[in-house]
Number of protein chains: 2
Amino acid sequence: MTITEVARRSGLPAKTIRYYESIGLIRPLRRPNGYRAFRDGDIMKLGFLARARSLGFSVEDCRALLALWEDKGRASADVKALASQHLARIEAKIAELESLHATLADLVSACSGDHRPDCPILAGLAAPPAGR
Amino acid sequence: MTITEVARRSGLPAKTIRYYESIGLIRPLRRPNGYRAFRDGDIMKLGFLARARSLGFSVEDCRALLALWEDKGRASADVKALASQHLARIEAKIAELESLHATLADLVSACSGDHRPDCPILAGLAAPPAGR
DNA sequence: AGATAACCTTCCAGTAGCGGGAAGGTCAAG
DNA sequence: CTTGACCTTCCCGCTACTGGAAGGTTATCT
């Protein structure tokens, strides 16, 4: 199985697959000519990585998740702990973005958006954040 | 005004202030000994930058906003356009994170999180995203 | 005068997670 | 035997800084 074929199947760019090998997430075999030879197990891992990454896990979290996946003696508590921490980070990020959104939406709605220079958005940025 | 003093007033680390100078956002004067000499205008700009960055604007957006702020002949429409685009990016990001959150929360709540190896989280990552 | 500490300077390297592109080897088809 | 489509490694670039090394300047203390 060549890298292009694996890229098509896993949905990951070939560049990303090479990168994952370079940081030790996968270890595909090599053909005599130096080309990578992927086995089914590699493809499963790459699919796992693609899905974990698409859920926003960091590459290091993915490494840990992959190790747990391979470890038949794992405790599901360890997986849940990783996922819960990530969930908490997502919640914090959403809260942060919603706060930005509220402030910015106020400023935008207050701006007439015409040819004149007066602008509440710039005024808001120019002034120290007043109590509200 | 030394950089440490400006850092204290603007809330930005000295490192960041040097970085902003290096990319041309500010141009503080220099004393004969080579030390930066900040004027009130520099401090205002840095405060502006700190607030714009804290609202999540990219540094390049900040450069454009700063230019508009300095341009007394600006059209507020230009400012509003920048801010609206940023608002849209924030909304898209929130939607993306909420989608991740929903999926991940489902998986986490389905996991018993004990000493046993069975884990719906890993199962969800191992399997292709089923239709739902 | 000398020492010490607290400033200041520049420059280099590293972070996350790749993407772009150069330079070069390999292989199947025509 | 050449073309073209693969494959390889390697290095730079991206964002927005942060840390740290190496070294100059200034004020204070003895």
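Scroll up to find the structure this text is about.
Summary of the structure given here. Note that the coordinates shown come from a computational prediction; the quantities given were computed from them, not determined experimentally.

Time to look at the protein's contact with DNA strand C. Looking at DNA strand C, there are 19 residues lining it, with K15(A), Y20(A), Y35(A), T4(B) and R36(B) nearest. Between DNA strand C and the protein, one listed contact pairs a phosphate oxygen with a side-chain N or O atom of Y20(A) at 2.6 Å. The contact in question runs from a phosphate oxygen of DNA strand C to an N or O atom on the side chain of T2(B), over 3.1 Å. If you list the elements that add at least two residues to the surface near DNA strand C, you get α2 (14–22) of chain A together with α1 (3–10) and α2 (14–22) of chain B. No other element matches α2(A), which puts four residues into the surface near DNA strand C.

Moving on, we get to the interface of chain B and chain A. Much of the literature gives interface size as the accessible area that the parts lose upon coming together. Chain B puts 52 residues into the contact, and the matching count from chain A is 52 residues. Taken together, both faces of the contact between chain B and chain A bury some 4200 Å²; the carbon and sulfur share is 75%. When residues of chain B are sorted by the area they lose upon contact with chain A, R51(B), L122(B) and L125(B) head the list and together hold 16% of the total. Applying the counting criterion to the chain B and chain A interface returns zero salt bridges. Taken together, the links from chain B to chain A amount to 20 residue pairs in polar contact (both at pLDDT 80 or more). Of all the secondary structure elements, the ones that give two or more residues to the side of chain B that touches chain A are α3 (40–54), α4 (59–70), α5 (76–110) and α6 (120–126) of chain B. A per-class count over the side of chain B that touches chain A returns 30 nonpolar, twelve polar and ten charged.

Okay, the nonpolar core next. Membership of the largest hydrophobic core comes to 78 residues, with the highest contact counts inside it found for I17(A), L46(A), I121(A), I17(B), L46(B) and I121(B). Once residues lying within four places of it in the same chain are set aside, the contact partners of I121(A) are L107(A), V108(A), C111(A), V79(B), K80(B) and A83(B).

This part covers the packing of aromatic side chains. Tallied over the full model, the rule gives four aromatic pairs over all chains. With a centroid separation of 6.0 Å and 45 degrees between ring planes, the pair formed by Y19(A) and Y20(A) is classed as tilted. The interplanar angle of 15 degrees and the centroid separation of 4.5 Å between the aromatic rings of F48(B) and W69(B) together place this pair among those described as stacked. On the criterion of sequence distance, the pair formed by F48(B) in helix α3 and W69(B) in helix α4 is long-range, its members being 21 residues apart.

Cut-off values and rules
- Residues numbered from 1 in each chain as written.
- Chains lettered and ligands numbered in written order.
- Predicted model: local features only at pLDDT ≥ 70, side-chain atom pairs only at ≥ 80, totals over all residues.
- Heavy atoms only, no water.
- Near = heavy atom within 4 Å.
- Polar contact = N/O pair within 3.5 Å; in protein donor to acceptor, adjacent residues only side chain to side chain.
- Helix = DSSP H or I, 4+ residues; strand = E, 2+ residues; numbered from the N terminus.
- Contact = heavy atoms within 4.5 Å.
- Buried area = accessible area lost by both parts, 1.4 Å probe.
- Salt bridge = Lys/Arg side-chain N within 4 Å of Asp/Glu carboxyl O.
- Nonpolar A, V, L, I, M, F, W, Y, C, P; charged D, E, K, R; others polar.
- Core = buried A, V, L, I, M, F, W, Y, C linked by side-chain atoms within 4.5 Å.
- Buried < 20%, exposed > 50% of the residue type's maximum accessible area, 1.4 Å probe, protein only.
- Phe/Tyr/Trp six-rings, centres within 6.5 Å; stacked < 30°, edge-to-face > 60°.

Take it as geometry only, folks, not as evidence of what the structure does.
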